[in-house]
Amino acid sequence: MEPHPTKLGYDDIEAAAERIAGRVRPVAIAPADAPDDGSPGIWLALEFLQHTGTFKARGAQNFLQTHREAGSLPDSGVTIASGGNAGMACAWAARSQRVPATVFLPATAPTVKVDKLRGYGADVRLVGEQYADALAACQAFAESSGALLSHAYDNPLIAAGAGTLLIEIHRQLPQLDTVVVAVGGGGLFAGIATAAAHYGVRVVAVEPRNCRALHAALAAGTPVDVAVDSVAADALGARRVTELALVAAHAADSVSVLVSDEEIVATRRALWAEHRLAVEHAAATAMAALTSGAYRPAPGERVCVVLCGANTDPADLTK
């Protein structure tokens, strides 16, 4: 039996924050611009500076540290299926726990992520064309090897670790009104939204038009399968959102918006051209909600955009 609850509460996020303290980098917050009118403006949470390049390090540390404390971390290590980022975080955390990590990725995973995974010492296995293919292979491996099965996003420990990000943001911006976050499978969103509900902060969930797992679930009232076709699909390409995310969306003051691939690409290039921030398409997806007008802050609204990852090849930023 896994040492975690079946649902997510703010107390789980507080416990995660205590558990991973000193094991992850505290998030840096910076203003996007200096407003001429003295308004609060837009703030950027630079979580792409996190270990392994994404927020995923938080959940991975919380997951493995909890299992270590519970005595349920096997010598055969941990296994995970991932588009790349969760696998890197898992491999990094496993290395700190001195256990092996076997990571399953779609064959379409970016080379930069595969190379980094191997650099963390992971046994990398490329299977199929989509995340679901890698997940099926990972589950079979866990059953045959006895390795601890982790998940890229559908686990309360993973989501609770991700939610610690908002605790840190709120500590630095106590008057925060709104946090803007990209959504894939919903681990980051579930954690952020659960913490946001505690603080009375609105959450804007941003997805590519053709990777709209949360948006579709909100419309249907239940998680449903969606098509996956986006420039940001390597990080946001989940076929369906988690039940944890859907529950968190209903509990929080949340808004779901969609942006096009063209808007994501343009925003990613603008973040580099105007701020010298080299981020992956998933991070640009969150910012694209503002640059495209998909979400328009009210006058005086204090907004923080989570720039969630930077595992990207910067070679195309100036093309």
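All values reported here derive from a predicted model rather than from experimental measurement.

### Here's the deal with the pairing of strand β10 (residues 303-306)
Across the two faces of β10 the burial is the same, with Val303 and Val305 and Cys304 and Val306 all buried. Direction of pairing for strand β2 (residues 42-45) relative to β10: parallel, over a ladder of four bridges. Along β10, the bridge assignment pairs Trp43 with Cys304.

### Some details on the domain arrangement of the chain
Each assigned domain of the chain is listed with its residue range as follows: domain 1 (10-56 + 155-312) and domain 2 (57-149). Here the C-alpha centroids of domain 1 and domain 2 sit 23 Å apart. Taken residue by residue, the interface counts 31 residues in domain 1 and 25 residues in domain 2. Taking both partners together, domain 1 and domain 2 bury about 2300 Å²; carbon and sulfur atoms supply 53% of that area. The interface formed by domain 1 and domain 2 includes three salt bridges. Taking the shortest distance from any N to any O, the salt bridge between Glu168 and Arg58 comes out at 2.9 Å. Along the contact surface separating domain 1 from domain 2 lie 17 residue pairs in polar contact (both at pLDDT 80 or more). Mapped by element, the contributors of at least two residues to the side of domain 1 that touches domain 2 are α1 (10-20), α6 (156-172) and α9 (233-236). Tallying contributions element by element places α6 first for the side of domain 1 that touches domain 2, with eight residues. The class makeup of the residues in the side of domain 1 that touches domain 2 is 13 nonpolar, nine polar and nine charged.

### Quick notes on empty space enclosed by the protein
One pass over the structure, following the stated rule, counts one cavity of 30 Å³ or more. Taken as a whole, the largest cavity encloses approximately 70 Å³ of empty space. Lining the largest cavity are Lys56, Ala60, Phe63, Leu64, Ile80, Ala86, Ala89, Cys90, Ser150, His151, Ala152 and Ile158. Contributing elements (two or more residues each) for the lining of the largest cavity: α2 (56-70) and α3 (85-97).

### A look at the sheet that holds strand β7 (residues 178-182)
Pairing is mixed in the open sheet, where six strands are placed in the order β1-β2-β10-β7-β8-β9. Both outer strands of the open sheet, β1 (29-31) and β9 (254-259), are each paired with one neighbouring strand and no more. In this sheet, neighbouring strand axes are inclined to one another by 25 degrees on average, regardless of whether the strands run parallel or antiparallel. Pairing of strand β8 (residues 202-208) with β9 involves six bridges; the strand directions are parallel. The residue of β9 that forms the bridge with Val206 is Val257.

### A look at the layout of surface pockets
Approximately 530 Å³ is the volume attributed to the largest pocket. Looking at the largest pocket, it is lined by 38 residues, and the ones nearest its centre are Ala233, Asp234, Ala235, Leu236 and Gly237. Listed by contribution, the elements that provide at least two residues to the lining of the largest pocket are α3, α5 (131-145), α7 (187-199) and α9. Residues of the lining of the largest pocket, tallied by class, amount to 20 nonpolar, 13 polar and five charged. Counting only domains with at least three residues in the lining of the largest pocket, you end up with domain 1 (10-56 + 155-312) and domain 2 (57-149).

Criteria and thresholds
Residues numbered from 1 in each chain as written. Predicted model: local features only at pLDDT ≥ 70, side-chain atom pairs only at ≥ 80, totals over all residues. Heavy atoms only, no water. Buried < 20%, exposed > 50% of the residue type's maximum accessible area, 1.4 Å probe, protein only. Helix = DSSP H or I, 4+ residues; strand = E, 2+ residues; numbered from the N terminus. Pairing = 2+ DSSP bridges. Domains from an automatic or database assignment. Contact = heavy atoms within 4.5 Å. Buried area = accessible area lost by both parts, 1.4 Å probe. Salt bridge = Lys/Arg side-chain N within 4 Å of Asp/Glu carboxyl O. Polar contact = N/O pair within 3.5 Å; in protein donor to acceptor, adjacent residues only side chain to side chain. Nonpolar A, V, L, I, M, F, W, Y, C, P; charged D, E, K, R; others polar. 1 Å grid on protein atoms, 1.4 Å probe; cavity = no way out; pocket = protein on both sides within 12 Å on 5 of 7 lines; lining within 4 Å. Points joined across faces, edges and corners; volume = space filled by probe spheres on them. Axes fitted to C-alpha atoms, helices over the stretch in contact; angles between N-to-C directions.

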